[in-house]
Amino acid sequence: MYHYIIVGFGIGGFSFSQLLEENRRNFIVFDNNSQQSTRIAGGMYNPIILKRFTPAWKAAEMLPYALLQFQKFEHKFQKKYVFPINIYRKLASVEEQNNWAVASDKPVMRDFMLPVSFEKIEGIESPYGFGILKKTGIVNVSQLLDDAKKELKRKKLLIEEGFQYKNLNIYPDYVEYQGIKARCIIFAEGYGLKKNPYFNSLPLMGTKGEMLLIKTEAQIPYIVKSNVFLAPDVNKKGQYYVGATYNWEDKSNIPTQEAKEHLENKLQRLFNKDYKVVLQKAGIRPTVKDRRPLVGTHPDFKNLAVLNGLGTRGVILAPNIAKDLYNYLEFDQKLPPEIDIKRFGI
Ligand SMILES: Cc1cc2nc3c(=O)[nH]c(=O)nc-3n(C[C@H](O)[C@H](O)[C@H](O)COP(=O)(O)OP(=O)(O)OC[C@H]3O[C@@H](n4cnc5c(N)ncnc54)[C@H](O)[C@@H]3O)c2cc1C
């Protein structure tokens, strides 16, 4: 008998599996690549909301633990996944310059915000300068998932199939699925949760996001944020991600011409050098009505748990809410009420 079955191996399922390994709990994973959110994510970590210059919910306090977890994986695989890179927020007016100066004096914000800079960045004009954020960067999440999956495959702990909910048998102390028994099952399917009959009443909305990968001769060593972001591809020099779109209607993972044009229009207002689009990617962010994660167990079946609702900030949230869920399941420690699915009355 396994301790756990994990359904879904995006950043949510990965983070939970990492805790299980650390604590010597055995597990098996199902994943069918039906959702792409982690695969296509920019992988940026940044605890500050760059539109309003305010802290994102609990992000600053969660960041150190998230980075520590990714760094443990770096140590294990002797490979770099975490790339600290400052973010340069293009300031659009004198008013924004002032707002930046005011915000950077506030608690939490002062740990991340540096004074306005007029540094030159190739291909980018910014008469009002840039507000610089430090202690930010990129986690190479797609590489991390590839390597983690390879390792699971080697150990025969990854089943690359869609999980068929109707074949799950639930008993008081364990679950059974196609002959596999486990004490508990964790559902971490991202937007795929919509097909899960045990948890699909939760208010998961799903927000489609599209990104472009471009190639250019210009050298941009930072993440630049204006009305799009331009971020170095940590896998290949000379390539940059441009993103992202937000679409609440379309729930497919298919890239669209409309999003490409939208992103290119914005890019051309930010960046005045030649470039070539080499790839376009799309995925559904698992966003929630109240913008908080979805964590907890089923009201009727204590051995069915959910780990979802990572929204737009999976990199910082996933390791932290995986830890909350683990402590809840293993040590009966209370879940923070903001992430507990009980807030929706289920
Ligand atoms: C364009 C874009 C850019 C983003 N940029 C950032 C960023 O810079 N920083 C950041 O922190 N976040 C970013 N995000 C958000 C981030 O990607 C998500 O918060 C996070 O990836 C969600 O992870 P997840 O594991 O919950 O879901 P997913 O990554 O969607 O993983 C779910 C997994 O479950 C599998 N699955 C689903 N159903 C089944 C089933 N029935 N059987 C088996 N397997 C199943 C899927 O195939 C998938 O592998 C971005 C998202 C998008 C779309």
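Residues numbered from 1 in each chain as written. Predicted model: local features only at pLDDT ≥ 70, side-chain atom pairs only at ≥ 80, totals over all residues. Heavy atoms only, no water.

Undergrad: Any chance you could break down the side chain of Lys-208 for me, citing the residues and the numbers?
TA: For Lys-208, the location among the structural elements is in strand 15 (residues 207–215). Within the local environment of Lys-208, its side chain forms a polar contact with the side chain of Asp-250, the two groups lying 2.7 Å apart. If sequence neighbours within four positions are ignored, Lys-208 has contacts with Thr-245, Tyr-246, Asn-247, Asp-250, Ser-252, Ile-254, Thr-256, Ala-282, Gly-283, Ile-284 and Arg-285. (Helix = DSSP H or I, 4+ residues; strand = E, 2+ residues; numbered from the N terminus. Polar contact = N/O pair within 3.5 Å; in protein donor to acceptor, adjacent residues only side chain to side chain. Contact = heavy atoms within 4.5 Å.)

Undergrad: Please provide a residue-by-residue account of the site of the ligand, values included.
TA: If you check the shell around the ligand, you find 37 residues, and the closest are Asp-31, Ser-34, Thr-38, Phe-163 and Gly-311. One of the side-chain N or O atoms of Thr-38 is found 2.5 Å from an oxygen atom in the ligand. Here Met-44 contributes a backbone N or O atom positioned 2.9 Å from an oxygen atom of the ligand. Relative to its unbound accessible surface of 1000 Å², the ligand loses 95% to contact with the protein. Contributions of two or more residues to the shell around the ligand are made by helix 1 (11–22), helix 2 (37–40), strand 15, strand 19 (276–285) and helix 7 (314–331). For the shell around the ligand, the element with the highest residue contribution is helix 2, accounting for three residues. (Near = heavy atom within 4 Å. Areas by Shrake-Rupley, 256 points an atom, 1.4 Å probe, with all protein chains shown as cover.)

Undergrad: Describe in detail helix 4 (residues 94–103), supporting the description with residues and values.
TA: For helix 4, every residue scored as buried is listed here: Glu-96, Gln-97, Trp-100 and Ala-103. On an axial view of helix 4, the arc spanned by its buried residues comes to 135 degrees, and they lie on one face. Seen from the open side of helix 4, the exposed residues pointing more than 90 degrees away from its buried face are Glu-95 and Val-102. Check the buried side of helix 4 and you find it contacts strand 7 (87–90), strand 8 (113–117) and strand 9 (130–133). (Buried < 20%, exposed > 50% of the residue type's maximum accessible area, 1.4 Å probe, protein only. Arc of directions from axis to C-beta.)

Undergrad: Residues and numbers for the nonpolar core, please.
TA: With 68 residues, the main nonpolar core has Phe-16, Phe-70, Ile-186 and Leu-307 as its most contacted residues. At nine residues, the largest contribution of residues to this core is made by helix 7. Residues within four places of Ile-186 in sequence aside, it is in contact with Tyr-4, Ile-5, Ile-6, Val-7, Phe-16, Ala-305, Leu-307, Leu-325 and Leu-329. Core analysis: the next-biggest nonpolar cluster, separate from the first, contains 25 residues, Val-175, Tyr-177, Tyr-198 and Ile-284 among them. (Core = buried A, V, L, I, M, F, W, Y, C linked by side-chain atoms within 4.5 Å.)

Undergrad: Outline the sheet that holds strand 17 (residues 229–232), listing residues and values.
TA: Taking strand neighbours across the sheet as the criterion, the eight strands line up as 8-9-7-16-17-18-15-19 in an open arrangement whose pairing is mixed. Strand pairing shows two members of the sheet lacking a second neighbour, strand 8 and strand 19, which therefore form its edges. Averaged over all pairs of adjacent strands, the angle between strand axes in this sheet comes to 20 degrees, irrespective of strand direction. The sheet contact formed by strand 17 and strand 18 (residues 239–243) spans four bridges and is antiparallel. Note on strand 18: the bridge partner recorded for Phe-229 is Gly-243. Running at roughly 150 degrees to strand 8, helix 4 makes contact with strand 7, strand 8 and strand 9 of the sheet. Packing of helix 6 (residues 257–270) onto the sheet brings it into contact with strand 7, strand 15, strand 16 (223–225), strand 17, strand 18 and strand 19, and relative to strand 15 it is tilted by some 55 degrees. (Pairing = 2+ DSSP bridges. Axes fitted to C-alpha atoms, helices over the stretch in contact; angles between N-to-C directions.)

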